[in-house]
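Observations on the model geometry
Chain by chain, the residues run as shown.
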Amino acid sequence: MRVLGIVAKTHDSGLALLNDGIPELVLEEERYNRSKKTKKFPKQSLAAAVEELGLDCADIDVVTTPWDVARLRRTALSIMAHRFPLSLAMLAPRAHGPQQNQIMVLNHYLAKGLRECFGAAKLPPIVNVGHHDSHAAMFFASPFEEALVLVMDGYGDDCSSSAYVGGGNRLERHWSTSVLNSVGLVYTFVTEHLGFAGFGDEGKVMALAALGEDTYVERFRDVIRPTPDGGYAVNMAYFSYDAFGQLRPFRRKFIDTFGPPRAPHEPLTDQHRDLAFALQAVSEDVILHVVRALVKKFPQRDLCMVGGVALNCVANAKILEMTEVRRIWVPPCASDTGAPFGSALWHYHQTLGYPRGFELAHAFYGQQYSEAEIERALSAAGLRYQRIPEAQLIRRVAQDLADGQIVGWFQGRFEMGPRALGNRSILADPRRPEMRDVLNTKVKKREPFRPFAPAVLLERASEFFEIDQPDPFMTLAPRVRAAKRTAIPAAVHVDGTGRIQTVERSANARYYALIEEFGRLTGVPVLLNTSFNRKEPIVASPEDAIDCYLKSEMDVLVLGDFYTTDRGPEGARANRTRVAPASEEGRRETVLTARVASS
Ligand SMILES: [Fe+2]
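Only a predicted model underlies this, so the values are computations on that prediction, with no experimental measurement involved. Each chain has its residues counted from 1, following the order in which its sequence is written. Owing to the predicted nature of the model, reporting of local features is limited to residues with pLDDT of at least 70; listing and counting of side-chain atom pairs is limited to 80 or more, with chain, interface and lining totals taken over all residues. Hydrogens are left out, water is left out, and the side-chain values use all remaining heavy atoms of the structure.

Considering the packing of aromatic side chains
Heads up, the rule is: Pairing of aromatic side chains requires ring centres within 6.5 Å, counting the rings of Phe and Tyr and the six-membered ring of Trp. Pairs whose planes differ by under 30 degrees are stacked, by over 60 edge-to-face, and all others tilted. The helix count covers DSSP runs of H or I at least four residues long, the strand count covers runs of E at least two residues long, and both are numbered beginning at the N terminus. Burial here depends on accessible area, computed with a 1.4 Å probe over protein chains only, as a share of the maximum for the residue type. Under 20% is buried, over 50% is exposed, and the range in between is partly exposed.
In this structure the tally under the stated criterion is 20 aromatic pairs. Here Trp329 and Phe473 contribute two aromatic rings whose centre-to-centre distance is 6.4 Å and whose plane-to-plane angle is 75°, an arrangement assigned as edge-to-face. You can see Trp329 sitting in strand E12 (residues 327–329) and its partner Phe473 sitting in the loop between helix H17 (461–464) and strand E17 (501–503), a full 144 residues away along the chain. Take Trp329 and Phe473: they sit in the same class, and that class is buried. Here the aromatic rings of Tyr348 and Tyr354 are separated by 4.4 Å at their centres, their planes lie at 10°, and the arrangement is stacked.

Side note on the sheet that holds strand E6 (residues 146–152)
Short version of the rule: In short, DSSP must find at least two bridges between two strands for them to pair. Inter-axis angles, ranging from 0 to 180 degrees, are taken between N-to-C directions of lines fitted to C-alpha atoms, where helices are fitted over the stretch in contact. Residues count as neighbours in contact if any of their non-hydrogen atoms are within 4.5 Å of one another.
Ordered in space as E8-E7-E6-E11-E12, the 5 strands form an open sheet in which the pairing is mixed. Each having just a single partner strand, strand E8 (170–176) and E12 make up the two edges of the open sheet. Within this sheet the neighbouring strands show an average axis-to-axis angle of 25°, counted without direction. Here strand E11 (residues 302–306) runs beside E12; their pairing, made up of 3 bridges, is parallel. Residue pairing in the sheet places Asp302 in a bridge with Arg327 of E12. Taken strand by strand, helix H11 (residues 270–297) contacts E6, strand E7 (161–167), E8 and E11, and its axis lies near 150° from that of E6.

Let's talk about the coordination of the iron ion
For the record, the criterion: Coordinating donors are taken as N, O and S atoms within 2.8 Å of the metal, stretched to 3.2 Å for Na, K and Ca; because water is absent from the atoms, sites can appear incomplete. Under this scheme a four-donor centre is tetrahedral when all angles range from 85 to 135 degrees, a four-donor centre is square planar and a six-donor centre octahedral when opposite donors are above 155 degrees with the rest from 65 to 115, and any other centre is irregular.
Taken together, His131 (NE2), His135 (NE2), Asp153 (OD) and Asp336 (OD) make up the full set of protein donors to the iron ion, lying 2.1 to 2.3 Å away. Geometry at the iron ion is irregular, judged from the 4 donor atoms that bind it and their angles of 84 to 172° at the metal. Each donor residue of the iron ion belongs to the same chain, with the gaps between them written as H-x3-H-x17-D-x182-D. Pair noted here: His131 and His135 are both in helix H5 (residues 131–136), with a separation of 4 residues, about one helical turn.

Topic: unusual backbone geometry
Peptide bonds are mostly trans, and most non-glycine residues show a negative phi. In this chain, Phe84 is followed by Pro85 through a cis amide linkage whose omega measures 5°. You can see Pro85 is positioned in the loop between helix H3 (69–82) and helix H4 (106–118). A positive phi is found at Lys9, a non-glycine position, where the angle reads about 65°. Along the chain, the position of Lys9 falls in the loop between strand E1 (2–7) and strand E2 (14–19). For Arg34, which is not a glycine, the phi torsion comes out positive at approximately 60°. If you trace the backbone, Arg34 turns up in the loop between helix H1 (30–33) and helix H2 (43–53). Given a relative accessible area of 25%, Arg34 falls into the partly exposed group.

Concerning the nonpolar core
So the rule is basically this: Nonpolar core, defined: a set of buried Ala, Val, Leu, Ile, Met, Phe, Trp, Tyr and Cys residues in which side-chain atoms within 4.5 Å join the residues together.
Formed by 139 residues in total, the largest nonpolar core has its most connected members in Leu150, Val186, Phe220 and Ile224. With 13 residues, the top contributor of residues to this core is H11. Setting aside anything within four residues of it in sequence, one finds Val186 in contact with Phe220, Val223, Ile224, Val234, Phe239, Tyr241 and Leu279. The next biggest cluster of nonpolar side chains, apart from the first, holds 37 residues, and it includes Met138, Val306, Trp329 and Leu360.

Considering the pairing of E8
For E7 and E8, the ladder comprises 6 bridges, and the chain directions are antiparallel. When the sheet's bridge partners are listed, Val165 is paired in E8 with Glu172. Taken together, E7 and the strand that follows it, E8, pair antiparallel across an intervening segment of 2 residues, in which Gly168 is found at a positive phi of about 60°.

Section: the confidence of the model for the protein
Rules: pLDDT measures the predictor's confidence residue by residue and takes values from 0 up to 100.
Across the protein, the average pLDDT comes to 92, with 95% of residues at or above 70. Every residue in residues 571–578 scores below 50 in pLDDT, and together they form 12 contacts with partners more than four places removed in sequence or on other chains.

Structural notes on the sheet that holds E2
One open sheet holds the 5 strands; their spatial order is E3-E2-E1-E4-E5, and the pairing between them is mixed. Where the open sheet ends on each side, the last strands, each with one partner, are strand E3 (22–28) and strand E5 (126–128). Along the sheet, successive strands turn relative to each other by an average axial angle of 20°, direction set aside. Contacts from H2 reach E1, E2 and E3 within the one sheet, and its direction differs from that of E3 by about 145°.

Focus: helix H19 (residues 542–551)
Within H19 the residues assigned to the buried category are Pro542, Asp544, Ala545, Ile546, Cys548 and Tyr549. In the core, the buried residues of H19 are packed alongside H1, helix H14 (371–380), strand E14 (407–410), strand E19 (556–559) and strand E20 (562–564).

A few points about a negative patch on the surface
In plain terms, the rule: Patches in this entry comprise residues that are over 30% relatively accessible and not in a salt bridge; like charges within 9 Å are linked, as are nonpolar side chains (Val, Leu, Ile, Met, Phe, Trp, Tyr) within 5 Å. Calculation of accessible area relied on Shrake-Rupley with a 1.4 Å probe; when residues are assessed, cover is drawn exclusively from the protein chains displayed. Each salt bridge in this description consists of a side-chain nitrogen of Lys or Arg and a carboxyl oxygen of Asp or Glu lying within 4 Å of one another. His is not counted, nor are the chain ends; Lys and Arg add positive charge and Asp and Glu add negative charge. The atoms used to mark charge sites are NZ of Lys, CZ of Arg, CG of Asp and CD of Glu.
Together, Asp20, Asp56, Asp59 and Asp61 line one region of the surface with negative charge. Among the structural elements, Asp20 can be located in the loop between E2 and E3.

Side note on the side chain of Thr75
Of note, Thr75 is situated in helix H3. Contact partners of Thr75, with chain neighbours within four places excluded, come to Asp157, Asp158 and Val179.

In structure tokens:
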């Protein structure tokens, strides 16, 4: 039984192939067309899948898509009716940038794309799965036999937050809020108000929040309020997105209370930092309130968090710390990047009733490239390179990292979801306090306040971080133990937390061996890990990786077994990033940057 989950006309277009309940490939189109959050039909992903698996149309039993289009139409009509005629503005494409109007005829559009790919007159049936059902279905790939499942995103086809209880191959929805009563949408619109991109840059605001103070928290409590029934209510006296969408999301009251919007080129001030702080603090309170209500109502103590809001690793860590939830699991594709996969899982288990037999232990379900392809790309770029046997390669790269070199690390299949987890990563030494600034300004070209994730061997994680469960997908931000903050200063955010990734040998042996060897050399089994990209989708192919390497100031590039420090005929190697030795003095430097210093 092979299910193809697929979506387009909304952000994060892509597909997943599920064969007898086990994923074969999970691909996002942005990795191929190099356009972030693309809405285009995933034709390159489909071509890659067809080629790798030798698929024909007849090999696919059913196609699923993570939107119940009929329900979405009904929801859209009721929204339009509610604020008519002002709501006619919602028909403008810019009123809902991340989604095109054609999503209302998604099945027709998908059928057209599939026909163009397969040229088949008879396609498999296309099944619409509810959007939140698709998110919730990640439970079926979780490590839990039974769990609470909380879905929170911008909006789905009938709700914006929902809660399920999962057991075996069944999920049952017990609670939901309406589409526009959305903590996710509020987070997105305030992200835009702060001068960042909505539906994409929310993580920047989460990081910025750590630099703020509680100036606006009390006032923000009037914007979203927890309700006695265990839910929450957005106060629409502040918002007009119910009539105008992204065209005009705020009413005057919001601007009068929290200040005017910031243009992307304008400097960040204390006012912006404090608004980010209030947004994060009140969102956390709302999420904790919903989780506590669920815990009170149901006996399960394990929690799956899914939907875009589940990428808020700071809130996730607080759930573990401040509620009775025992373990939390967030898939690597918690956002809509995982929706096609989830729609396939829902159909296979919930609708068809097949038992579970698979746990998502790693995120490496993207395409992989052969040695010949890597070598061709290196030669075409005119780079001198060596092929080094694995054990020697690991020793060499670990030594490079210990020497302060920045390494582009490209191995095997690329990851699903928005995080690089060790196969398309830029790696660096966390012991050097200056490394975060070097990476942000010279390699990634991004805001100086953005933190980097520490990747740590699972067995050593609790020695460095206040955590006692695995976090393989970088979805929690626990506190760094006070005694270890000076050991890994570049990995500690200003609030004393680290966005960790725990690495297990069984999930990624080569990545594990590299961190282990670095630990042997330095006593610190932790590496800074950031995605292999800069202001573009994470690299997919060897060509993408080489292009990014040549444009940035990374020192070393490793593609499979191939190693280079060359930058070709231009001799750009002279630009190599100079990083001071990791001195004891440097390590003692505090990372808990004062507010003034960070401004
Ligand atoms: Fe979603």
